[in-house]
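Chain by chain, the residues run as shown.
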Amino acid sequence: MANWQKFLLVIGVLSSLAIALYFGLMPTEKVDFNTDIRPIVNKNCIACHGGVKQNGGLSFLFREDALSTETESGLQAIIPGDPENSELMKRLVHHDAEIRMPLEKDPLSKDEIELIRKWIKQGAEWQDHWAFIKPVKITPPATTFESYVRNDVDRFILEKLERINLSPSREADKETLLRRVSLDIIGYPLAAEDQNVFLKDTSEDAYEKLVDRLLASPQYGEKWTSLWLDLARYADSKGYEKDMKRSMWPYRDWIIRSLNDDMPYDQFITEQLAGDLLPTPSPKQIIATAFHRNTMSNDEGGTNDEEFRTASIIDRVNTTFDVFQGITMGCAQCHSHPYEPIRHQEYYRFMSYFNNTVDADLPSDFPLYSDLYTPENSDHADSIIRYVEQLTGEKYFRKTDNTFVKRRKFLLPLLEAEDSDDYNYGVQNSTGINWTEDGLYKDGLTYVLYKNIPIHDYNSVTIRYRSATGKSIIECRLDSVNGLSIGEVTLRFTNGKFANVQMPLKSVEGSHHVYFVLSNDLNDHHNQGPADFDWFRLNHKNEKSINPPLLVLQEELRKIPRLKMPVQKELPKSLQRSNFVFVRGNFLTKGEAVEPGIPGIYKIQHNSAAENRLGVAEWLTSKDNPLTARVAVNRIWEQLFGYGLVETLEDFGSQGSKPSHAELLDWLAVKFMVDYNWSTKKLIKEIVCSATYRQSSTTSPEALSKDFRNVYLSHFTRTRLTAEQIRDQALAVSGLMTTKMYGPPVMPYQPEGIWQVVYSGDEWKTSSGEDQHRRSVYTHWRRTSPYPSSLSFDAMSREVCATRRIRTNTPLQALVLLNDTVYVESAIALAQKVNSSVKLPAEKITLAYKTALGKMPTAKTLHSLVNLYNESLLFYKNNPTRIAAMTSGDTKTPEVAALSAVSNAILNLDDFLTKP
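The structure presented is a predicted model; accordingly, all values stated were derived computationally and were not measured.

Conventions and cut-offs
In this convention, every chain numbers its residues from 1, walking through the sequence in written order. In keeping with the model being predicted, local features are shown solely for residues with a pLDDT of at least 70 and side-chain atom pairs are shown and tallied solely at 80 or more, while totals for entire chains, interfaces and linings include all residues. Side-chain measures here rest on the full set of heavy atoms in the structure, leaving out hydrogens and waters. Secondary structure elements follow DSSP: runs of H or I no shorter than four residues count as helices, runs of E no shorter than two count as strands, and numbering proceeds from the N terminus. In a helix, the anticipated span is given by 1.5 Å times the number of residues less one. Burial classes: relative accessible area under 20% of the type maximum marks a residue as buried, over 50% as exposed, and values in between as partly exposed (1.4 Å probe, protein chains only). Should any heavy atoms of two residues lie within 4.5 Å, those residues are counted as being in contact. Centre distance within 6.5 Å is the pairing criterion for rings of Phe, Tyr and Trp, where only the six-membered ring of Trp is used; planes under 30 degrees apart are then read as stacked, over 60 as edge-to-face, and the remainder as tilted. Consider the ring centre and the ring normal. A charge sits over the ring if Lys NZ or Arg CZ is within 6 Å of that centre and within 35 degrees of that normal. Throughout this description, a polar contact denotes any pair of N or O atoms lying within 3.5 Å of each other; where both atoms belong to protein, one of them has to be capable of donating a hydrogen while the other can accept it, and for residues adjacent in sequence the pair is counted only when both atoms sit in side chains. Two strands qualify as a pair provided that DSSP identifies no fewer than 2 bridges between them. All axes are obtained by fitting lines to C-alpha atoms, using only the stretch in contact for helices, and the reported angles, taken between N-to-C directions, cover 0 to 180 degrees. The pLDDT value expresses, per residue, how confident the predictor is, ranging between 0 and 100. Note on angle classes: values under 35 degrees are labelled roughly parallel, values over 145 roughly antiparallel, values of 65 to 115 roughly perpendicular, and the remainder oblique. Helix crossings are classified by the rotation of the near helix relative to the far one: an anticlockwise turn of less than a right angle makes the crossing left-handed, while a clockwise turn makes it right-handed. Residues are sorted three ways: Asp, Glu, Lys and Arg are charged, Ala, Val, Leu, Ile, Met, Phe, Trp, Tyr, Cys and Pro are nonpolar, and all the rest, Gly among them, are polar. Only buried Ala, Val, Leu, Ile, Met, Phe, Trp, Tyr and Cys residues count toward a nonpolar core, and they belong to the same one when joined by side-chain atoms within 4.5 Å.

Asker: Could you give an account of helix 30 (residues 894-906), with specific residues and numbers?
Answerer: Taking 1.5 Å of rise per residue, the 13 residues of helix 30 would be expected to cover 18 Å, and the 18 Å separating its terminal C-alpha atoms lies within 8% of that figure. Here helix 30 lies mainly inside the structure; 10 of its 13 residues are buried. Looking only at helix 30, the buried set comprises Val-896, Ala-897, Ala-898, Leu-899, Ser-900, Ala-901, Val-902, Ser-903, Asn-904 and Ile-906. Against the buried residues of helix 30 lie helix 26 (811-819), helix 27 (821-835), helix 28 (841-853), helix 29 (859-878) and helix 31 (910-913).

This is the structure:
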């Protein structure tokens, strides 16, 4: 080899070495745990090395567990910075299939193994799952589609579309937008005259003005309440085998009013979880707590009340996380969460917040709120109260909202068990307050407290009680258990039967906290408490001087039926329960004692001193909570677009879907909390006013090939309407729907035999008059036998919380639309509505179609409908006895029956059942 050749060879070798050395010293690209490693672990490892199974003593849920040397082999699976000596790497590449991981599965790919090796080499840094990282305010991205942008929502969507070289669709026509946004905001199309206001408005802000009108409509609250009732597992029955009726509708009405008032979402959460624990709760705030009294009660004979009380508490824990956090917390009831870093003990720490409520699976559903009148009885009660005000010159009537709540204490001074503000050594039950013997001989006074009573108006107290002992003394003391005594009476032995006794009162001035304090000098109570108290009646000084006597008017008012509904009430401190881990989730097997606490993955604790439901509400609504706003925003997005930014509404955890637009989700969450101050209406307006929402649903072959499921929103996704929207829409376009709001549930027609009630004797009594055609949100909901028409369109039975309805398409749905009474009646009413408006059959069919769908039919569609009309007309002329079934009123002709058949077909069209 020549010298010059040797020289070139040396130069080449040195160059190669230099290049190799250079790239070897270059910093390796950072491996991201959430993006690169967590998906591999969740797919291949976590099932055997997580919260349920920890094979070999190894878990990958927590970094400290994954790095632990306390494995069965004593070897450390992951040694940060040292992949060669990490047992995990050795197992991933082992030649023996019985040792290689994942066990009994295909080995990881070379790329996956190399990613894990690099990650360990870089220090095996761990990251929290994205959902547990607090969202921060970000700047919307720039876009080349600037002329398309209507607000910042569009910038996030367009930035993603640009990445896959797709363009957005054009804006939909006004008729389509009108129908779409009406269905989304109020649940059904506007009346024709209201539609024309928008269609004739040529101003630039015509659409925005339409949105504002819809959001201000009372029907907005009704539409969005349907969604919330699924979350709250609302029903008009108790569930389980007997599934007896339960009066919960005031809670449903509270939701409607709260949504219409645009109650801030943080307040909306707080009042439902802990309205009773607020400093001075209003009747409406107490009603709101029925959210967690929608749990089922088991009235079957022989059941264990403590078992089903505990089942209700567990349901409340799971529902709280499902609704407000989008996390499957229920998985941690029996063991540490299999996929999320939530330990078994943390489940019961959180459960401790809910375990001190008074309810105990009693047949009475106690505790109950009873200051409620139905709308029908409200006026009668008002008239009595106002009459008494005229007689006495005193103001008894204090209206707390515009329909049914009365402060009857101002006229009916009957202090019942559920009215008590506090009690010591007592147990509230269906007959009142059972005062136990413990406080009489141990470490405290036995009392019941009623706050802020205008005691100066009364000169005596009638007490209804029963006693299995004698020599009990009851005293009336003011402002404390040791305060001024203004009355005393001895309670005689009643042999367990209820009796009345009267206690004279000394004259005092002003309103006071009234304590009824019990004492007894007997030591033997035969294992029973000394007394049950049903109520204390305060007798007015002026009863005899008023004509007619006040007592007569009070009794008349008392006879007016009042509603009693289950609500939340906290046990007094002296009776609060201890809390334990349930081993394997079994309430009979108590493990270690626990104190209230939030799962550690959240990295924050609430600052409240309240270790109760109010503390939970404060933690949930903290702007540091990473999930509350995200989950709420995602749910609203799903209602508007058909799919959430996180498709799995029920699971924001590591096994759920990744956000399609993570930055948009976080931007909306921060805007919802900070800029909008938790205003749901402002959030909805922001979204529906975007160009993204206003797109046409027409797509292109290119979009279908690149984004078949329209994840990137290059056009608007057509989605099937909900069960409530389909029924309400049919009633609205036909003119049958009544706008009556609120009140007890109604029973529209359903076939005989649907309710087969064995125990309670309940029956479906079909409503009459306008109640027959009220909105679906008012339909009576029985858990074991839901309204079948709605059930066919994927409505939920509501035994448990349902965060997402899965849409199905079945032949049964078409049969329901063609045959269910409500749709046949709607078709007939629609036919009657258009029959007298125009003359020619084609014109009538065109008008029926436009009334139902808000647009003109195509020539092809009209041709098909006219053919159906002609065929139907021939049928009814040949079968005159069938005409009556498809007509109403005086117009019973073959022509109207044929037009009804066509209207029935229109109400079954895909366009009618789908959001455009």
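Next comes the rest of the account.
Asker: An account of the packing of aromatic side chains is requested, with residue identities and associated values reported.
Answerer: Counted by the stated rule, this structure contains 39 aromatic pairs. Three or more aromatic residues joined by ring pairs form one cluster here, namely Trp-228, Tyr-251, Trp-254, Tyr-265, Phe-268, Phe-291, Phe-324, Phe-672 and Trp-678. Over the ring of Trp-224 we find Lys-223, and its NZ or CZ is 4.2 Å from the ring centre. The side chain of Arg-807 reaches across the aromatic face of Tyr-643, ending 5.2 Å from its centre.

Asker: Kindly report on the side chain of Arg-309, identifying the contributing residues and their values.
Answerer: Structurally, Arg-309 is set in helix 14 (residues 305-324). The residues contacting Arg-309, other than those within four sequence positions of it, are Asn-355, Asp-359, Ala-360, Asp-361 and Arg-577.

Asker: Describe the side chain of Glu-570, and please don't skip the residues or the numbers.
Answerer: Positionally, Glu-570 belongs in the loop between strand 13 (563-566) and strand 14 (580-582). What makes Glu-570 buried here is its relative accessible area of 16%. Polar contacts involving the side chain of Glu-570 include one to the side chain of Arg-613, which spans 2.8 Å. Once you skip the residues sitting within four places of it in the chain, Glu-570 turns out to touch Asp-276, Leu-277, Asn-356, Thr-357, Val-358, Gln-576, Asn-612 and Arg-613.

Asker: Tell me about the sheet that holds strand 3 (residues 422-424), and name the residues and values.
Answerer: Ordered in space as 3-6-11-8-9, the 5 strands form an open sheet in which the pairing is antiparallel. Of all strands in the sheet, those bounded by a partner on one side alone are strand 3 and strand 9 (484-491). Between one strand axis and the next, the sheet turns by 15 degrees as a mean value, whatever way the strands run.

Asker: Help me get a handle on the confidence of the model for the protein, residues and values and all.
Answerer: In the predicted model, the protein carries a mean pLDDT of 87, and the fraction of residues at 70 or more is 90%. This model gives residues 18-27 a pLDDT under 50, and the stretch forms 0 contacts once residues within four places in sequence are excluded.

Asker: Just give me the short version of unusual backbone geometry, but keep the residues and values in it.
Answerer: Pro-102 follows Met-101 through a cis peptide bond whose omega is 0 degrees. Cis peptide bonds are those with omega within 30 degrees of zero, and the linkage from Phe-366 to Pro-367 qualifies with 5 degrees. Within the secondary structure, Pro-367 is located in the loop between helix 15 (344-351) and strand 1 (368-372). At Asp-365, a position not held by glycine, the phi torsion is positive, near 65 degrees.

Asker: Outline the packing of helix 11 (residues 249-260) against helix 12 (residues 265-274), supporting the account with residue identities and numerical values.
Answerer: One way to put it is that helix 11 packs onto helix 12 with a least axis distance of 11 Å and a crossing angle of 165 degrees. Overall, the two elements helix 11 and helix 12 adopt an arrangement that is roughly antiparallel. The crossing of helix 11 and helix 12 is right-handed. On the side of helix 11, the interface is formed by Tyr-251, Trp-254, Ile-255, Ser-258 and Leu-259, while helix 12 contributes Phe-268, Glu-271 and Gln-272. Within the contact of helix 11 with helix 12, the residues separate by chemical class into 5 nonpolar, 2 polar and 1 charged.

Asker: Help me get a handle on helix 21 (residues 662-675), residues and values and all.
Answerer: Taking 1.5 Å per residue, 14 residues should reach 20 Å; helix 21 reaches 19 Å between its end C-alpha atoms and fits that length. For helix 21, the set of buried residues is Leu-664, Leu-665, Asp-666, Trp-667, Leu-668, Ala-669, Val-670, Lys-671, Phe-672 and Met-673. The secondary structure elements touched by the buried residues of helix 21 are helix 6 (152-163), helix 12, helix 20 (628-641) and helix 22 (680-688). Downstream of helix 21 by one or two residues, Asn-677 has phi in the positive range, about 50 degrees.

Asker: Explain the nonpolar core residue by residue, including any values.
Answerer: Of all hydrophobic cores here, the largest spans 167 residues; its most connected members are Tyr-207, Trp-228, Tyr-251, Phe-350 and Trp-637. Apart from residues lying up to four places away in sequence, Trp-637 is in contact with Val-153, Ile-157, Gly-642, Tyr-643, Gly-644, Leu-645, Leu-664, Leu-668, Ile-687 and Leu-713.

Asker: Describe the packing of helix 20 against helix 22, with residues and values.
Answerer: Their axes nearest at 11 Å, the elements helix 20 and helix 22 cross at an angle of 45 degrees. Classified by the angle between their axes, helix 20 and helix 22 sit oblique to one another. As for how helix 20 packs across helix 22, the hand of that crossing is right-handed. Only Thr-680, Leu-683, Ile-684, Ile-687 and Val-688 of helix 22 make contact with helix 20, whose side of the interface consists of Val-633, Ile-636, Trp-637, Leu-640 and Phe-641.

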